[in-house]
Structures are given as C-alpha cells and as structure tokens.
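Structure assessment
Chain residues, written in single-letter form:
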Amino acid sequence: MVKRLMKAGHRCVVYDVNMENVKKMEGEGAVGATSLKEFAAKLGAPKTAWMMVPAAVVDKTLEGLTAVFGKGDTIIDGGNSYYVDDIRRAKELGARGLHYVDVGTSGGVWGLERGYCEMIGGEDDVVKRLDPIFKALAPGRGNIERTKDAAMATGGGPANAAGTAGSTAEEGYLYCGPSGAGHFVKMVHNGIEYGMMAAYAEGFNILQHANAGMTKKAEDAETAPLRNPERYQYEINVAEVAEVWRRGSVIASWLLDLTAIALWRSPQLEKFSGKVSDSGEGRWTIQAAIEEGAPAPVLTAALFERFASRGEADFANKLLSAMRFEFGGHVEKKE
C-alpha cells in the first residue's frame, strides 16, 4: 500500500513493530520511524495515520497513536475491525478532537498491481479531504466494462438505481456512510467471500470424485452401496476445468482465476492441510443477519464448514458414532 501511495506522489512515513519492514520501505523511498512518537513528529499537519493491524490489537495501537496525535488529526483503520467497535472508537476519538475513518480494504497480496477496493465510513467532510489517498490506492476504472444502464460518473448522465452521477464506485472506492459503514460493507463482503469459496470448493470436490465408480467398494452393512457405478467413471482434470470456466462461463470471477492458479501449481494441493481459519468477518456477518432477521443459510453453512475443517466437529462426530453403536451395535470402520 505504501508503494502504491508513493507511486502516486504521496510522501509516506512508516512505522512497524518489525523494524526490518521499516528498513525495507526506507529502501523504497519512504521515511522511516523507530517509534510512534517519531512517526508523529515526521508527519505534516494535520496528521493522518493509516493503520493496518489485526482487529485484536487495534485498541492498543490506537492508544499509542492518540498519545502522540492532537486535535484535527485523523486515524484510518484499514484492517478488518468489527464495525460496532468503529462506532465506539469514533465517539471516543471525537471527544478528544480526533477524526476516525474506517476503511474496508480488499485486494490482498495483489493490491500493489491491481489496486485496493475500498469501502469507507466516517465523517463526510474528512473523507472528502482524504480523497487523494483513497483514489491513489483504488484500482481505477481500468478496462472493466461499465455496468449496463448505470449512472455515468462523468458526462452528466442521469442518476438511477444503479448509482449516482459523480460516484467514485466506478473507480473502485466508495463512501458508504457514517462511522462503521465502511467496515460493515466489508464485513458482508467477506461473508459473501466465505460462501463463494465454499461453493467453488464443494463443486471442484464433486468433480474430483467423479471417478467413484472406478473403485470397488466394500460390501457390508456399514457401507452405502454405489448403485450405478457406471455413472461415475470420469477422470476429470480439475485444473483444466477451472481454466475453461474462467473463459466466458457464468461463474467466472477473480476468485476462480486464483483457484485456477492454485490447481495448476498443485493439482492435489499437497501443501495444504484443509484446516480453514476464520478471522471474524464471517461470524459478524451472520450475527448481523440474525439481528436484522435477514436469512443467510449459505453464508452460515460456509462459516460452520470452516469450524468443522479445524476439528471442531470431531466430538459431535464421535458422539454420532457412539449413538450408532448403542442403538444398533454398529462398529466404526477403520479405513
């Protein structure tokens, strides 16, 4: 992100708890700092700091920053904080004359090349003042076709349901509303991401097992028979399928592009254990859905599948096995 900002002509002061990262960015042209105090001293007024830290340490980082920032300065949280915490933090900082902006940032490790999609919350006038920063980080329109019938951002096109004339949405960044709105939109974005990832993973898994009829199964009381093995005689090259789906199919997406890369590198994915983490956004999305009364069965199932991948379903599965043994004498198969 610093590289992208500097490329757009912004002067950047950097601080990190890992000084190797600071030295690396100094080599790229940034101004380094060895402490938050030095970091603040090297910034021009009014000061603006962009935090990229895990949600669990945002409050601690804010404590250090607010000690060296003053009235009129702005702190941006570009990580994946819970939007409810943003509302609280904005009030706390506002009482001290500080501004707080929450920015949901999407783009991952490809952001330097592709740009970062930004969903922004905070005080309208502060966000407008910081627009050059957001614009520099954003992807811009690039070669993406404009949405059919969408309001034109330039040329005086009429506003309609797809957007408003002059919106920055086509540039890849958007002011979503007051404090918390940016991270609320990013939270739902990540919840959707869980569901999309699960859909791709499940679909490719079905393709991977399309040869089920080519393997002789045990014939016993504990094994469900495959009644029509002739229907499952396919050795599907899943990497090739990912590649063909990328080109003109209804389910094409950047996420599918990345899936294709992963499968070409390692068709059997040997380097991965299958234990999938969740960093909070999926849980928060489901909580919001519950409180709003908005059904989200797909996103909920995707979240629970991540729990199961990490062994959190092991006790339940053992209990299922135990119940089968108790009522029917079923003995677990060792294979």
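Our subject is the structure that appears above.
Below is a summary of the structure that appears in this document.

Next up on the list: the layout of surface pockets. The computed volume of the second largest pocket comes to approximately 1500 Å³. Taken together, the elements giving at least two residues each to the lining of the second largest pocket come down to α1 (2-7), β1 (13-14), α2 (19-27), α3 (36-41), β3 (48-51), α4 (58-66), α6 (111-114) and α8 (131-137). When the residues that make up the lining of the second largest pocket are grouped by side-chain class, the tally is 29 nonpolar, seven polar and seven charged.

On to the packing of aromatic side chains, then. Counted according to the given criterion, the structure contains seven aromatic pairs. When the centroid spacing of 6.3 Å and the interplanar angle of 85 degrees are considered together, the rings of Trp110 and Trp254 count as edge-to-face. Placement of the pair is Trp110 in the loop between β5 (99-106) and α6 and Trp254 in helix α11 (residues 254-265), with a sequence separation of 144 residues. Taken together, Tyr82, Tyr83, Phe184 and Trp284 form an aromatic cluster joined through their ring pairs. We note Arg114 situated over the ring of Trp254; from NZ or CZ to the ring centre the distance is 4.0 Å. In this structure, Arg306 packs its charged tip against the face of Tyr194, placed 3.6 Å from the ring centre.

Moving on, we come to the sheet that holds β3. Across the sheet, five strands lie side by side as β3-β4-β5-β6-β7; this open sheet has mixed pairing. This sheet does not close on itself; its edge strands, each paired only once, are β3 and β7 (173-177). Averaged over all adjacent pairs, the angle separating strand axes in this sheet is 25 degrees, with direction ignored. With four bridges connecting them, strand β6 (residues 117-121) and β7 associate as parallel partners. Among the inter-strand pairings, Met119 is bridged to a residue of β7, identified as Leu174. Across the sheet, helix α5 (residues 83-94) is in contact with β4 (74-77) and β5; its angle to β5 comes to roughly 150 degrees. Strands β4, β5, β6 and β7 of the sheet are contacted by helix α9 (residues 181-208), whose axis makes an angle of about 20 degrees with β5.

In summary, soluble globular proteins display a tendency toward joint burial of nonpolar side chains. Among the nonpolar cores identified, the biggest contains 21 residues, and Leu5, Ile76, Val101, Val103, Ile120, Leu130 and Phe134 are the most heavily contacted of them. Counting 16 residues, the second largest nonpolar core, distinct from the first, contains Phe39, Ala40, Leu43 and Ala49.

Time to look at the side chain of Ser81. Looking at the element boundaries, Ser81 is found in the loop between β4 and α5. Among the polar contacts made by the side chain of Ser81, one reaches the side chain of Asp77 at a distance of 2.5 Å. Among residues more than four places away in sequence, those in contact with Ser81 are Ala55, Val58, Asp86, Arg89, His183 and Trp284.

As a further point, take the pattern of salt bridges. In this structure the tally under the stated criterion is 19 salt bridges. Its salt-bridge partner being Glu171, residue Arg141 comes within 3.2 Å of it at the nearest N-O pair. Taken together, the positions of Arg141 in the loop between α8 and β7 and Glu171 in the loop between α8 and β7 put the pair 30 residues apart, joining distant regions of the chain. Among the residues examined, Arg141 registers a relative accessible area of 27% and is labelled partly exposed. Across the salt bridge formed by Arg310 and Asp278, the nearest N and O atoms sit 3.0 Å from each other. Of this pair, Arg310 sits in the loop between α13 (297-309) and α14 (314-328) while Asp278 sits in the loop between α11 and α12 (281-292); the two residues are 32 residues apart in sequence, bridging distant segments of the chain. Each of Asp59, Asp85, Arg88, Arg89 and Glu92 takes part in one network of salt bridges that share partners.

Calculation criteria
- Residues numbered from 1 in each chain as written.
- Predicted model: local features only at pLDDT ≥ 70, side-chain atom pairs only at ≥ 80, totals over all residues.
- Heavy atoms only, no water.
- 1 Å grid on protein atoms, 1.4 Å probe; cavity = no way out; pocket = protein on both sides within 12 Å on 5 of 7 lines; lining within 4 Å.
- Points joined across faces, edges and corners; volume = space filled by probe spheres on them.
- Helix = DSSP H or I, 4+ residues; strand = E, 2+ residues; numbered from the N terminus.
- Nonpolar A, V, L, I, M, F, W, Y, C, P; charged D, E, K, R; others polar.
- Phe/Tyr/Trp six-rings, centres within 6.5 Å; stacked < 30°, edge-to-face > 60°.
- Lys NZ or Arg CZ within 6 Å of the ring centre and 35° of its normal.
- Pairing = 2+ DSSP bridges.
- Axes fitted to C-alpha atoms, helices over the stretch in contact; angles between N-to-C directions.
- Contact = heavy atoms within 4.5 Å.
- Core = buried A, V, L, I, M, F, W, Y, C linked by side-chain atoms within 4.5 Å.
- Buried < 20%, exposed > 50% of the residue type's maximum accessible area, 1.4 Å probe, protein only.
- Polar contact = N/O pair within 3.5 Å; in protein donor to acceptor, adjacent residues only side chain to side chain.
- Salt bridge = Lys/Arg side-chain N within 4 Å of Asp/Glu carboxyl O.

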